[in-house]
Structure formats: structure tokens, C-alpha cells
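# Tertiary structure, described
One letter stands for each residue in the lines below.
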Amino acid sequence: MPPSEQKARVHFHSLGCPKNQLDTEVMLGALALDGYAIAEELEDADVAIVNTCSFIESAREESIQAILDVADLRDSGRLRALVVTGCLPQRYGDELARELPEVDAFVGTGRYPEVPGILEDVFAGRSRGIYVDAGRTHLYDHTSPRILIGGGHSAYVKTSEGCDRVCTFCAIPGIRGRFQSRTLESLVAECRDLARAGVKEVNLVAQDQTSWGKDLPGRPRLHSLLRGLDDVDGLAWIRLLYLYPTAVSDELIETLAAARRVLPYVDVPLQHASDGVLKAMRRGVTAERQWRLVERLRAGIPDLTLRTTFIVGFPGETDADFEALLDFARAARFDRVGVFRYSDEEGTAAQTLGRKVPRELARERHRTLLEVQRQIMAEKQEALVGSEVELLVEHRHMHGVAGRTASQAPEIDGGVFAKGSAEPGELVRARVLAVRDGVDLEAEVV
Ligand code: SF4
């Protein structure tokens, strides 16, 4: 029987952000519905699919390496097909096709549901090689089949796709296209289905969360979506990621403060804290306004966990700009901070800016800011020792369980290792005993 009929075993290597993981889960769902088997390990697979990221230079390098790692297997005939999906082919499809002849098909962000059919093309020897529509990204909905990666207790849910903003460093609008929201009904239906399937925690993702609804009839606002999701029985935690600083309304703050399931967790990427750099980034905000936002959030939301991300080494960033950023980070004492080093992105306005910061200096600023934040975070984590926290158990291990508190988003905020026993997916109380490496917590189930 040809592989297309017997349905090959497909292994996914998913890189990049949670939004990419979700796209992988939707492709897995489409493949499984079409009869393909999913192989956990590459060794057991007939087909490898690498879902790539092209967010910044380091992400692109990681994606290319992941493709090269399996290209030999395809070359030697050990794999029947190698497919590359996601942001990298969306951006560089033609170039990649020239450089990587081992790859059977490059699939852009708008063609995810077609992956089963594209595999059929590959097996039948009629692959077109590149399947990319410029400026278009597929947005799934509650009817899309999907297979969750991980333990099944936590899931990402995408509220929208694309971005209409004009941040000068960012290539996302060019890659993922114009902003498009999912409807409230579809999001509530998906969250209900996830809760019925045993999911306890939903993490809402988007490129620009705060614009949700602007393209829907009646232009509903994000807080009304959160109120709708807050009523979904069965879910314990709903976490909102990626807020745009100028669009955090009082209603949103009030909703976060009053919600039962939506967590008091705010992730608001500020990117910088010097007026000159913010202006060059075209963020539409001043440092003073960002400071007021931090104050409004802290005053309005009890037990707030406040996360942000910063970019260092943006073109023209002077020592004084960087000092302003450090002062801001020291004063604001964020609970979590992600730090990126600027890299030139093709097609962005920042790429054309002069006064580039030398790589070594950008590296040093990166290290300095991380160190400032490391100390702040270690102090904050130390203050938790002796207190009781709620823990979502994710795995059992030899000496107890591993999980996360409500203030720890998956993959980015560390975790908790607790003595005692509990089932994955259970919410338990745990007493914090110690801090590990300034980030993770050691605890015991009580
Ligand atoms: S809001 Fe985010 S995704 Fe949109 S352009 Fe700015 S950085 Fe990029």
C-alpha cells in the first residue's frame, strides 16, 4: 500500500512561541483526522514536520539548525518526507527552497489546514515545493480538530491573529498579516470543550491581545470577552498574555480585579523605558505613561503578578537611554522580565535606522539588565518562603510532583517542585520551603 493510503507516521518539531505551538496542535489535529499516526519520536516517524519561528535572528538560526538536523535522514531515504512550516517559509520560502533541496514542501502560516493534502502531493511526487500566501495567516476556531501537546491540563487559546500596529522593530505584521479576531462565541465554545476534556488552565495568546474585537460587529472590548470566559465552568485559571500598554483600559483592570477564573496576572511588553527609544520604536507611549500604567495596575489589581519584556540594543540606544531603562526596571520591580537583544529584521523600519549598537555592547546590556532583574526576582521569590500557594500539578516525579502557581505562566516563569503526592491536573495547596536558582520554588504538598 502506498504511504499516502496506509497513512504515514508524522513527527513534529515545534519551535518558537506558544502561538506556534498552537498552530502545531491544529496541524496535528488535521493530520490525525485524516488518518495519519503521530510519532512522539523522530526515529519512529516516516515524515518529519519542522514548525519554525522567524521572530529574531537567534530564533531563525535555531529553526534552520532543526531543519538541518533532520535533512540527512531525508537525504538518506530514512524519512519519506520532510516538510517545513510556519513563519520561516512564510518569510523566506523561495530562498529556503533554493538552499534546502532536501525539504519536500515549505508551508506558510496561511496553509496549515492543508498539510494533510500537501503530504499527499509529496507522496504522489507532485509537490509544488512552496505553499505560501503572502500576508495571510490561518486562524483556527472551535470547530478545528486539535491535539494538545503536553499533559492536557493546560492549553493555549488564540483570541486573534496578526497585528495592525507599527512597532518599527517588528516583522510580525508583515509575516502574519492584518489583525483578525475570533468571535466571543467561538472562544467560549472552545474553552468549554477544553474544560470538558480536563483542561484546568487556559492561556490566552495573540500578537496584540488588547485589540481584540475591533474588527467584529459592535466592536466588543477585551474585558467583555474576559467576563464571558470567566463563567466557563471547569476551568480554574485563565491567563491573559501580551497586552499593549496604551490599550489597557480601566474596565480591563476592573475585570481582572473582580474575576474568579481570570488570574491577576498581567503581561504587558513595554520594550523600553526611555522616551527617545520608545519614540524610535513607534510605540506611541512615553516612559511617564508607562510608569502610570504600572501604578494603575498595582493599585487596581490585588495580588498582581506583573510581567514585561524589554529590548536592549535598539539602534541609537545611548548609555543614558539604557540607564533610564535600568532605573525603570529597578523602580518598577516587575515580578517577571524577559529581555531580548535587538536584531535587524528584514522589511522593518528599524532596519534602516543608523547608529546601530555594537553587538558586544548589546550583549553587555542584555547581561546587565538580566542581572538587575535576577536580584529583584530572587528577593520576591524568597519572600514566598513559608507561605502557602495553590499549585497546578503537571507531572509526578520520583520525589514528588512538579507544577506551577497562578503567578507562573507555562515555560517562561519557572515552576514548583513539591514533596508529596498528587495527580497531574489536580490543584493542591503547597507550602514554599525554599527558592532554587532564584526562580523555581521548592515546596511540600499540605
Ligand atoms: S504590537 Fe507586537 S506584534 Fe504588533 S507590531 Fe508591535 S511588537 Fe509586533
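Residues numbered from 1 in each chain as written. Predicted model: local features only at pLDDT ≥ 70, side-chain atom pairs only at ≥ 80, totals over all residues. Heavy atoms only, no water.

## Quick notes on the packing of helix 12 (residues 319-332) against helix 13 (residues 359-382)
Two numbers describe how helix 12 lies on helix 13: the axes approach to 10 Å, and their chain directions differ by 15°. In terms of their interaxial angle, helix 12 and helix 13 are classed as roughly parallel. Crossing of helix 12 against helix 13: the hand is right-handed. The segment helix 12 lies against helix 13, with Asp319, Phe322, Leu325, Leu326, Ala329 and Arg330 engaging Arg365, Thr368, Leu369, Val372 and Ile376. (Axes fitted to C-alpha atoms, helices over the stretch in contact; angles between N-to-C directions. Helix = DSSP H or I, 4+ residues; strand = E, 2+ residues; numbered from the N terminus. Parallel < 35°, antiparallel > 145°, perpendicular 65-115°, else oblique. Left-handed = near helix turned anticlockwise from the far one by under 90°. Contact = heavy atoms within 4.5 Å.)

## Observations concerning the site of the ligand
Contacts to the ligand come from Cys163, Arg165, Cys167, Phe169, Cys170, Ile172, Pro173, Gln207, Tyr244 and Arg283. Within the shell around the ligand, the residues separate by chemical class into seven nonpolar, one polar and two charged. (Near = heavy atom within 4 Å. Nonpolar A, V, L, I, M, F, W, Y, C, P; charged D, E, K, R; others polar.)

## So, the packing of aromatic side chains
Aromatic ring pairs are reported here in terms of the distance separating the ring centres and the angle at which the planes meet. Applying the stated rule across the entire model yields four aromatic pairs. An aromatic cluster is built from Trp291, Phe310, Phe328 and Phe334, whose rings are joined through pairwise contacts. It is Lys19 that lies over the ring of Tyr242; its NZ or CZ is 4.2 Å from the centre. A cation over a ring is seen here: Arg165 above Tyr244, with NZ or CZ 3.6 Å from the ring centre. (Phe/Tyr/Trp six-rings, centres within 6.5 Å; stacked < 30°, edge-to-face > 60°. Lys NZ or Arg CZ within 6 Å of the ring centre and 35° of its normal.)

## Regarding the sheet that holds strand 12 (residues 262-267)
Spatially, 7-10-11-12-13-14 is the arrangement adopted by the six strands of the open sheet, whose pairing is parallel. What marks the edges here is a single partner per strand, and that holds for strand 7 (154-158) and strand 14 (336-341). In this sheet, neighbouring strand axes are inclined to one another by 20° on average, regardless of whether the strands run parallel or antiparallel. Inspection of the sheet shows strand 10 (residues 201-205) paired to strand 11 (residues 237-240) by four bridges, in the parallel sense. (Pairing = 2+ DSSP bridges.)

## Describing the pairing of strand 19 (residues 440-445)
Where strand 17 (residues 416-419) meets strand 19, four bridges bridge the pair, whose relative direction is parallel. Bridge pairing links Phe417 to Glu442 in strand 19. Note: strand 18 (residues 427-436) against strand 19, six bridges, orientation antiparallel. What sits directly across from Ala434, in strand 19, is Glu442. A loop of three residues connects strand 18 with strand 19, the two strands running antiparallel in sequence, and Asp437 in this loop sits at a positive phi of about 55°.

## Brief notes about the side chain of Glu201
With respect to the helices and strands, Glu201 occurs in strand 10. By relative accessible area, Glu201 is classed as buried at 0%. Side-chain polar atoms of Glu201 contact the side chain of Ser154, separated by 2.7 Å. A polar atom in the side chain of Glu201 sits 2.5 Å from the side chain of Arg404. Sequence-distant contacts of Glu201, defined by excluding residues within four places in its chain, comprise His153, Ser154, Ala155, Trp237, Arg239, Leu392, Arg404 and Pro410. (Buried < 20%, exposed > 50% of the residue type's maximum accessible area, 1.4 Å probe, protein only. Polar contact = N/O pair within 3.5 Å; in protein donor to acceptor, adjacent residues only side chain to side chain.)

## Topic: the sheet that holds strand 15 (residues 388-397)
Paired through their backbone hydrogen bonds, the strands of a sheet run either parallel or antiparallel. Spatially, five strands are ordered 15-16-17-19-18 in a closed barrel, and the strand pairing comes out mixed. Across the sheet, the axes of successive neighbouring strands diverge by a mean angle of 50°, strand direction being ignored. Across five bridges, strand 15 lies against strand 18 in antiparallel orientation. Across the sheet, residue Val389 finds its bridge partner in strand 18, namely Ala430.

## Overview of the pairing of strand 4 (residues 81-86)
The element strand 4 is extensively covered by neighbouring structure, given that six of its six residues are classed as buried. Note: strand 3 (residues 47-52) against strand 4, six bridges, orientation parallel. Looking at strand 4, one finds that Thr52 is bridged to Gly86. The parallel pair strand 3 and strand 4, bridged by helix 3 (residues 57-75), forms a crossover whose chirality is right-handed. Examined bridge by bridge, strand 4 and strand 5 (residues 105-107) share three bridges and lie parallel to one another. Note that in strand 5 the partner of Val83 across the bridge is Ala105. Read from strand 4 through helix 4 (residues 87-99) to strand 5, the crossover connection turns out right-handed. (Right-handed = clockwise from strand over helix to strand, strands pointing away.)

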